[in-house]
Amino acid sequence: MSQVRRILWVHGTVQGVGFRPFVYRQAVALGLSGLVQNHPQGVRIEIEGAEAAVAELVRSLRQEGPPLAVIGRIEEVPTELQGSTGFCIAPSDSAGPCATHLPVDTAPCAECLRELFARSGRRAGYAFINCTRCGPRLSIVRALPYDRASTTMADFALCPDCLREYHDPADRRYHAEPSACRVCGPRLIWDGPPSSQSPLLACLSALRSGQIVAIKGVGGFQLACDASDGAAVQRLRERKRRAAKPFALLAPNLDVIAAQAELSEPERASLLSPRRPIVLLRRRADSTLAPQVAPALHEVGFMLPASPLHYLLATAFGRPLVMTSGNLSEEPIARDDREARCRLQSVADAFLTHDREIAFRLDDSVVRSEGGAEHVLRRARGYAPTPIPLRAPRPLLAVGADLKNTLCLADGESAVVSPHIGDLHDPKTRAAWRETLSSLTALLGVAPTAVACDLHPDYISTRLAESLGLPLVRVQHHHAHLAACLAESGLSEPVIGVVFDGAGHGEDGASWGGEVLIADRAHARRAAHLRYVPLPGGDAAAREPWRMALAYLLDLGETSERFCLWPGRQPAVELLALAIRRGVNSPLTSSVGRLFDAVAALTGLCRMGQFEGQAAMMLEAQSTDPCAAPYAYCITGRAPAEIDLRPGLRDLLRDLAAGRPVAEVGSRFHATLAAAVAEVVGLLSREHGLRTAVLTGGCFQNALLGARCQRLLEQRGLRVLRPVSFPPGDGGISLGQIAVAAARLTE
Ligand code: ZN
Ligand code: ZN
Ligand code: FE
């Protein structure tokens, strides 16, 4: 049989996932000789032997690779026979730019868990256990190629036992770069009231006595306390300056979660996925969680342990723990020990930290299951920065939105969205943005030659883009929302896009947010929008729903006296009414987010909010009837048409005055919006011959609205696309900006 020698270039997520050991075992089993090495382009294999065996190796790479590997392109280059014998894992070749995918951090695998909870063994109870199939990855990577020397594990020399496993092809830890044990690996450190116990036990006693502990997690510090202890949770709220936003929870297993929240099969699967996201679940009526965990909301966010340390803590504690990002209100999550001690000293009673550095800041990811599919709402640990295919004529950067910021890099073949960064209004978040940009460009080896940013000249993100001194492509906010969904679905043809969100700068200078666009990736035209009303006080309106209620009342020709918009503050209400009538600091808006605020305030659910979207979440929580009858509405004008909800809002006010329950009024309000969407999209579909509709924007985090719109559109025979792997909110904007820029620069 003929002998051949080939060089194989394997692209994709192939570093840090046990790929080289896999190749080694396959090659040895097939009697092939040669070598495998990490390379900036991916993994490089030189292979020599019988032609059929080489073909079998290539097939097995594609079909039997390790579970965490994502195999992209495989290039095969024939080369001269060398008569080599034996197969080895060769040192990495670090020349040239990096095009490989960065591996993501994953929860301990079943075998590591067995060792962790075993009665004896080198790694029993050891908080940093991992192997080639699990453990820290992006969070410890300083540079590529992915080798121990270029991770924060470089500071720990392997002990003889670990070294033996590392070099034994039959071992699960063969070339497991972060491999460690109690003798040679990272150690926990307790920084709190003096204790004679181990750091872990000291932390558990502090948590049991109602204290707040800052814990160094996978991608940053988290704040933990007993989720059943109302006083502890309340203290955490006050110290963290977070009045109402829900806290995430950690539980040791599905049984503990099932006692607190409803669990469907897809939700169990999301919780158990090695990515370990926070999964939003419907809270059970008999839940024993402190109400302060998620005030006035029907959902709670649970996760299972994402690391061995979390397993040890959660299992020993037994009950749910609050496990929220270690930061003050909108700041980025604290990453290194010094930063955490200084920023969190006023929040935490104690610190459980360790001596391994975190190289890359990662928040927890948040998902929700809808109609059996997992929808990503915040994309970070375990999900980012997995790339998606996206053609671009040159290397590009997109700076993202001001809120829920992410940034995005494109290398020509694929786009990589950074983990969630946060609110750019905070200077610390802007510093984190710059840090993310420089580490991602370095790790991916992408040097952007053009930058995509928002259309708004005064956005912080726009100014960050301008400061880079590269050619700019300015993209309208809602077009970016839509294009993100197109990029995710791999679609290029024109669609009808329904984009509902809080606010985005419109082409006419107004604050848009209730938009129906006819668009492809390169261009968008506004086909319809929600009727404009004043946005009294600009940005202040997003935190004070009573302002929008007043704007809508005046638009209906009502006076404010009949409605208690701000109890005891009627003079302030009258002053604002005057400002609205005179157009003082009251730009126009078509925002659906602000419409939700107005309705939530009119029902009395939420007149003053603590965070954007709170009023809408509270209204959704109350609106439980998915089959409610819509109120009236009308669609007027053309190109763009106007969606006028005034007839229905009058009925809604009459119902409220008549004492109809909020559950009924709220459900009918959701139904009205969905019916209006279906009618507008139906009209446009006939007029333009388009059969695909996209539903996106932050308002489509609202499961009731999303499901109802989708059902009505599908009943009309339309194909409906919604974001799945990327957030429908502003976390997806950077991907949309880069998709638009790539399409325009290609034209
Ligand atoms: Zn493992
Ligand atoms: Zn060791
Ligand atoms: Fe938006």
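A brief structural summary.

What to know about the coordination of the zinc ion (ligand 2)
Working step 1: The protein atoms that coordinate the zinc ion (ligand 2) are Cys159 (SG), Cys162 (SG), Cys181 (SG) and Cys184 (SG), at distances of 2.2 to 2.4 Å.
Working step 2: Seen from the zinc ion (ligand 2), its 4 donor atoms lie at angles of 104 to 117°, and the figure they make is tetrahedral.
Working step 3: Here the donor residues of the zinc ion (ligand 2) share one chain and are spaced in sequence as C-x2-C-x18-C-x2-C. Residue Cys162 is found in helix α4 (residues 160-166), and its partner Cys184 is found in the loop between α4 and β6 (188-191); the two are separated by 22 residues along the sequence. Taken individually, Cys162 and Cys184 each receive the classification buried, so the pair is uniform in this respect.

A closer look at helix α6 (residues 230-240)
Since the α-helix advances by 3.6 residues per turn, residues separated by three or four positions end up pointing in the same direction.
Working step 1: The set of residues buried in α6 consists of Ala232, Val233, Leu236, Arg237 and Lys240. Axial view of α6: buried residues confined to an arc of 140°, hence all on one face.
Working step 2: Buried-residue contacts for α6 involve β8 (221-226) and β12 (321-325).
Working step 3: Near the N-terminus of α6, the side chain that reaches the backbone nitrogen of Ala231, with its oxygen 3.1 Å away, is that of Asp229.
Working step 4: The first or second residue beyond α6 is Arg241, which carries a positive phi of 55°.

Description of the sheet that holds strand β5 (residues 87-89)
Working step 1: What the 5 strands build is an open sheet, ordered β4-β1-β3-β2-β5; its pairing is mixed. Because the sheet does not close on itself, it has two edges, and the strands there are β4 (70-79) and β5. Going across the sheet, the axis of each strand differs from the next one's by a mean of 15°, ignoring polarity.
Working step 2: Contacting β1 (3-13), β2 (33-39), β3 (42-50), β4 and β5, helix α1 (residues 19-29) runs over the sheet at an angle of about 175° to β5.
Working step 3: Contacting β1, β3 and β4, helix α2 (residues 51-64) crosses the sheet at an angle of about 150° to β3.

Thoughts on the coordination of the iron ion (ligand 3)
Working step 1: Those donors, His477 (NE2), His481 (NE2), Asp501 (OD) and Asp730 (OD), are the protein atoms that reach the iron ion (ligand 3), and they lie 2.1 to 2.3 Å from it.
Working step 2: Its 4 donor atoms give the iron ion (ligand 3) angles of 86 to 172° at the centre, a pattern that matches the irregular case.
Working step 3: Donor residues for the iron ion (ligand 3) sit on one chain with the sequence pattern H-x3-H-x19-D-x228-D. Residue His481 is located in helix α13 (residues 477-489), and its partner Asp730 is located in the loop between β30 (719-721) and α22 (733-746); the two are separated by 249 residues in the primary sequence. Taken as a pair, His481 and Asp730 share a single burial class, namely buried.

What to know about the packing of aromatic side chains
Working step 1: Throughout the structure, instances matching the rule amount to 8 aromatic pairs.
Working step 2: Between the aromatic rings of Phe19 and Phe22, the centroid separation amounts to 6.3 Å while the plane-to-plane angle is 35°, which identifies the pairing as tilted. Highlighted residues: Phe19 and Phe22, both in helix α1, separated by 3 residues, approximately one helical turn.
Working step 3: Members of the aromatic cluster, each reached through a chain of ring pairs, are Tyr24, Phe87 and Tyr174.
Working step 4: When the ring centre of Tyr383 is taken as origin, the NZ or CZ atom of Arg275, which lies over that ring, is 4.7 Å away.
Working step 5: The aromatic ring of Trp512 is capped on one face by Arg526, whose charged end is 3.7 Å from the ring centroid.

Brief notes about unusual backbone geometry
Working step 1: Cis geometry marks the peptide bond from Ala384 to Pro385; its omega dihedral reads 0°.
Working step 2: Residues Ala639 and Pro640 are joined by a peptide bond in cis, for which omega reads 0°.
Working step 3: Along the chain, Pro640 falls in the loop between β27 (634-636) and β28 (641-644).
Working step 4: Phi at Ala296 is positive, roughly 65°, even though this residue is not glycine.
Working step 5: With respect to the helices, strands and loops of the structure, Ala296 is situated in the loop between β10 (278-282) and β11 (299-303).

Quick notes on the sheet that holds strand β19 (residues 414-417)
Working step 1: Taking strand neighbours across the sheet as the criterion, the 6 strands line up as β16-β19-β18-β17-β20-β21 in an open arrangement whose pairing is mixed. Looking at which strands have only one partner, the edges of the open sheet turn out to be β16 (388-389) and β21 (472-475).
Working step 2: Where strand β17 (residues 396-398) lies against strand β18 (residues 408-410), 3 bridges are found, and the strand directions are antiparallel. Following the sheet pairing, Leu396 is matched in β18 by Ala410.
Working step 3: In this fold α13 packs onto β16, β20 (450-454) and β21, with an angle of close to 100° to the strand it touches most, β21.
Working step 4: α22 contacts β16, β17, β18, β19, β20 and β21 of the sheet and is inclined by roughly 140° relative to β17.

Points about the side chain of Ser287
Working step 1: Counting through the fold element by element, Ser287 comes out in the loop between β10 and β11.
Working step 2: Polar contacts involving the side chain of Ser287 include one to the main-chain amide nitrogen of Leu289, which spans 3.1 Å.

Looking at the packing of helix α17 (residues 592-602) against helix α20 (residues 662-688)
Working step 1: The geometry of α17 relative to α20 is characterised by a closest axis approach of 11 Å and an angle of 155° between their N-to-C directions. Judged on the interaxial angle alone, α20 and α17 are roughly antiparallel. In the packing of α17 onto α20, the handedness of the crossing is right-handed. On α20, the residues that touch Val592, Leu595, Phe596 and Val599 of α17 are Phe669, His670 and Leu673.
Working step 2: When its residues are assigned to classes, the contact of α17 with α20 shows 6 nonpolar, 1 polar and no charged.

Comments concerning the side chain of Ser591
Working step 1: Position of Ser591 among the secondary structure elements: in the loop between β26 (588-589) and α17.
Working step 2: Among residues more than four places away in sequence, those in contact with Ser591 are Asp501, Gly502, Ser511, Trp512, Gly513, Gly514 and Leu530.

Some details on the packing of helix α19 (residues 646-657) against α20
Working step 1: Between α19 and α20, the least distance of the axes is 10 Å, while the angle of their chain directions is 170°. In terms of orientation, α19 and α20 fall into the roughly antiparallel class. Facing α19, whose interface residues are Leu652, Asp655 and Leu656, α20 presents Glu664, Val665, Arg668 and Phe669.

Conventions we followed
Residues numbered from 1 in each chain as written. Chains lettered and ligands numbered in written order. Predicted model: local features only at pLDDT ≥ 70, side-chain atom pairs only at ≥ 80, totals over all residues. Heavy atoms only, no water. Donors = N, O, S within 2.8 Å, 3.2 Å for Na, K, Ca; no water. Tetrahedral: all angles 85-135°; square planar, octahedral: opposite > 155°, others 65-115°. Helix = DSSP H or I, 4+ residues; strand = E, 2+ residues; numbered from the N terminus. Buried < 20%, exposed > 50% of the residue type's maximum accessible area, 1.4 Å probe, protein only. Arc of directions from axis to C-beta. Contact = heavy atoms within 4.5 Å. Polar contact = N/O pair within 3.5 Å; in protein donor to acceptor, adjacent residues only side chain to side chain. Pairing = 2+ DSSP bridges. Axes fitted to C-alpha atoms, helices over the stretch in contact; angles between N-to-C directions. Phe/Tyr/Trp six-rings, centres within 6.5 Å; stacked < 30°, edge-to-face > 60°. Lys NZ or Arg CZ within 6 Å of the ring centre and 35° of its normal. Parallel < 35°, antiparallel > 145°, perpendicular 65-115°, else oblique. Left-handed = near helix turned anticlockwise from the far one by under 90°. Nonpolar A, V, L, I, M, F, W, Y, C, P; charged D, E, K, R; others polar.

Limitation: the analysis is restricted to geometry and does not speak to function.
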